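# Working through the structure, step by step
Spelled out, the chains give:
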Amino acid sequence: PTGEPPEPLHRVVGNNYAPDNPQSNRINATLLSLVRNEELNDMLQSMRDLERTWNHKFNYPWTFLNDVPFTEEFKTKIRAATKAEVRFDVVPKAHWDVPSWINNDLYLESTALLKEQEVQYSDKISYHQMCRWNSGLFYHHPALANYRYYWRVEPKVHFFCAVDYDVFRYMQDHNKTYGFTINLYDSPQSITTLWPETMKFLGDHPEYLHKNNAFDWLRDATRRPDHNMKANGYSTCHFWSNFEIADMEFWRSRPYEEYFKHLDRAGGFFYERWGDAPVHSIALGLFEDKERIHWFRDIGYQHIPFFNCPNSPKCKGCVTGRFTDGEAWLNREDCRPNWFKFVG
Ligand code: GDP
Ligand code: MN
């Protein structure tokens, strides 16, 4: 497995990280949440965990985005949960609206079929919009224009371990593009044509394939051949994107932008239920050097129903090695061994 221990360089030094220190050691990075007003309490819980285990030492600014304006109550309570700077903003309508080329009748018909196959949220249009936005639009939000790195934080997640180094600086100093904690199989029915569309794009742009890619990881069918078959050649293994620490230069690069446009035109964000997690993961696996993808084994994390639980006295409330606290079959969803097989 990957995950070399951080070096002393990233440790907290003196008071450099005070929230209002213009000379601070912070790099240009933000904690980032797309969240709904109704999720205020769940968001506060995630924030308290991350502030307690990490951000109270580093005071990275928070950016909160929403498709509708945040309420005064939301803003007041969120501001009170951190010493760091906080910004609230609305997603531009043009980024959130269903694109003009999506046919509503076809959307209704296709998602009715997906619902029969129990694809979660397939009949919820806002979920499709959210997945599309997280795939190809969030990094164009004006509030993020001056930032390079972000750490995505969802409501209702948990962080368990004291982390004593500047995680963003670690990404920069080690030339990492993408950091993850959990790797999962996806529901193949939600992405039936994602891989075939990807192969079409790659056929037109073979030059975008990185020479040190993770293509074999994306296609590996040894553990769940059924998934690979139903997803037409993709293992469905992906980095679980409710946690991601990443460099937006990758999303803003020409290969990724063109890839997203291709997928967006193909319509699968609506006619199927393509998630931002498989889209990000496939792009990273094809267009990025796999050495630039980092497993944060030391960041104890939970998004129901899965965990990343390190073996360390710095972690509280996380059972070492536990993957799920749900039903036993959920253990089959763990896809980390596949990643380690190809990259670890
Ligand atoms: P799940 O993790 O796949 O079950 O999906 P979530 O409901 O947690 O949604 C993923 C993220 O997108 C969370 O941060 C949500 O707060 C956010 N989100 C989902 N739908 C909407 C929406 O319609 N509006 C806003 N503002 N945020 C949304
Ligand atoms: Mn969630």
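As a reminder, the structure under discussion sits directly above these lines.
Report on the accompanying structure. (Residues numbered from 1 in each chain as written. Chains lettered and ligands numbered in written order. Predicted model: local features only at pLDDT ≥ 70, side-chain atom pairs only at ≥ 80, totals over all residues.)

## A closer look at the overall build of the protein
Here is the rule we go by: Runs of H or I in DSSP of at least four residues are treated as helices and runs of E of at least two as strands, each being numbered from the N terminus. C-alpha atoms define the radius of gyration, and 2.2 Å times the number of residues to the power 0.38 defines the globule rule. Burial is judged by counting other C-beta atoms within 10 Å of a residue's own C-beta: 20 or more means buried, 12 or fewer means exposed, and anything between counts as partly exposed, with every C-beta placed from the backbone. This entry defines residue contacts through backbone-placed C-beta atoms, with two residues in contact when those atoms are within 7 Å.
A count of helices and strands for the protein gives 14 helices and 12 strands. For 344 residues, the compact-globule estimate of 2.2 N^0.38 gives 20 Å, and the C-alpha radius of gyration of the protein, at 20 Å, lies within 12% of that figure. Seen through its principal axes, the protein has C-alpha atoms that stretch 55 × 45 × 45 Å. Counting the 344 residues in the protein, one finds 41% classified as buried. A sequence separation of at least 24 residues applies to 82% of the contacts in the protein between residues at least 6 apart.

## Topic: the sheet that holds strand S9 (residues 244-247)
Spelled out, the test is: By this definition, two strands are paired if DSSP reports at least two bridges between them. For helices, the fitted axis covers only the stretch in contact; all axes are lines through C-alpha atoms, and the angles between them, taken along N-to-C directions, range from 0 to 180 degrees.
Taken in spatial order, the 7 strands of this open sheet run S3-S2-S1-S4-S9-S6-S10, and their pairing is mixed. Across the chains shown, the open sheet's two edge strands, defined by having one partner strand only, are strand S3 (86-90) and strand S10 (293-295). Neighbour to neighbour, the strand axes of the sheet diverge by 20° on average, direction disregarded. Sheet analysis places strand S6 (residues 178-180) next to S9, joined by 2 bridges and oriented antiparallel. Note that in S9 the partner of Gly179 across the bridge is Ile245.

## As for helix H1 (residues 40-58)
For clarity, the threshold we go by: How far a helix is expected to stretch is found by multiplying one less than its residue total by 1.5 Å. Each residue is assigned a bend, namely the angle between axes fitted to the seven residues that terminate at it and the seven residues that start at it.
Here H1 contains 19 residues, and its C-alpha end-to-end distance of 23 Å is more than 12% below the 27 Å for a straight helix at 1.5 Å per residue. Considering bend angle alone, the principal kink of H1 is centred on Glu51 and spans about 65°. Buried residues of H1: Met43, Ser46, Met47, Asp49, Leu50, Glu51, Thr53, Trp54, Asn55 and Phe58, and no others. In this structure, the buried side of H1 is in contact with strand S1 (29-34), helix H2 (72-79) and strand S5 (158-159). Once H1 finishes, Asn59 follows within two positions and takes phi at roughly 55°, a positive value.

## Quick notes on the nonpolar core
Filter applied, for reference: Working definition: the nonpolar core is a set of buried Ala, Val, Leu, Ile, Met, Phe, Trp, Tyr and Cys residues, joined through C-beta atoms within 7 Å.
If you look at the biggest cluster of nonpolar residues, it comprises 83 residues, and the most contacted ones within it are Tyr150, Phe180 and Ala283. Ignoring any residue separated from it by four or fewer positions in sequence, one finds Tyr150 in contact with Ala29, Thr30, Leu32, Leu144, Ala246 and Met248.

## Here we look at unusual backbone geometry
A cis amide bond, omega 5°, links Ile304 with the succeeding residue Pro305. One can find Pro305 in the loop between strand S11 (301-303) and strand S12 (306-308). Located in the positive-phi region is Asn59, a residue other than glycine, with phi close to 55°. Residue position: Asn59 is located in the loop between H1 and strand S2 (62-66). Classification of Asn59 by C-beta neighbours within 10 Å gives partly exposed; the count is 19. You will see that Asn175, though not glycine, has its phi angle at about 60°, which is positive. Tracing the backbone through its elements, the reader meets Asn175 in the loop between helix H6 (167-173) and S6.

## Comments concerning the site of ligand 1
Stated formally: In this text, near has one meaning. A residue is near a molecule or strand if its C-beta atom, placed using the backbone, is within 6 Å of it. Gly counts as polar in this scheme, as do all residues outside two lists: the nonpolar Ala, Val, Leu, Ile, Met, Phe, Trp, Tyr, Cys and Pro, and the charged Asp, Glu, Lys and Arg.
Around ligand 1 sit Leu34, Val35, Arg36, Glu39, Asn66, Asp67, Ser126, Tyr127, Met130, Glu154, Pro155 and Asn242, and those are all the residues in its vicinity. Class assignment of the residues belonging to the shell around ligand 1 gives a composition of 5 nonpolar, 3 polar and 4 charged.

## Things to note about the packing of helix H5 (residues 125-136) against helix H13 (residues 276-287)
Here is the rule we go by: Here is the rule for angles: anything less than 35 degrees is roughly parallel, anything more than 145 is roughly antiparallel, 65 through 115 is roughly perpendicular, and the remaining ranges are oblique. Here is the rule for handedness: rotate from the far helix to the near one, and if that takes an anticlockwise turn smaller than a right angle the crossing is left-handed, while a clockwise turn gives right-handed.
Two numbers describe how H5 lies on H13: the axes approach to 8 Å, and their chain directions differ by 25°. It follows from the interaxial angle that H5 and H13 lie roughly parallel. The handedness of the crossing between H5 and H13 is right-handed. Across from Cys131, Asn134 and Ser135 in H5, the residues of H13 making contact are Asp276, Val279 and His280. Among the residues making up the contact of H5 with H13, the classes are represented as 2 nonpolar, 3 polar and 1 charged.

## Brief notes about the pairing of S9
With burial as the criterion, each face of S9 is covered, one bearing Glu244 and Ala246 and the other bearing Ile245 and Asp247. Here 4 bridges tie strand S4 (residues 149-152) to S9, and the two strands are oriented antiparallel to one another. Residue pairing for S9: Tyr150 is matched across the bridge by Ala246.

## Here we look at the packing of helix H11 (residues 254-266) against H13
Two elements in contact, H11 and H13, have axes whose closest approach is 11 Å; the angle formed by their N-to-C orientations is 135°. The pairing of H11 with H13 is recorded here as oblique in orientation. When the axes of H11 and H13 are compared, the crossing they make is right-handed. For the pair H11 and H13, contact is made by Pro255, Tyr256, Tyr259 and Leu263 and by Val279, Ala283 and Phe287, respectively. Of the residues belonging to the contact of H11 with H13, the class tally is 7 nonpolar, no polar and no charged.

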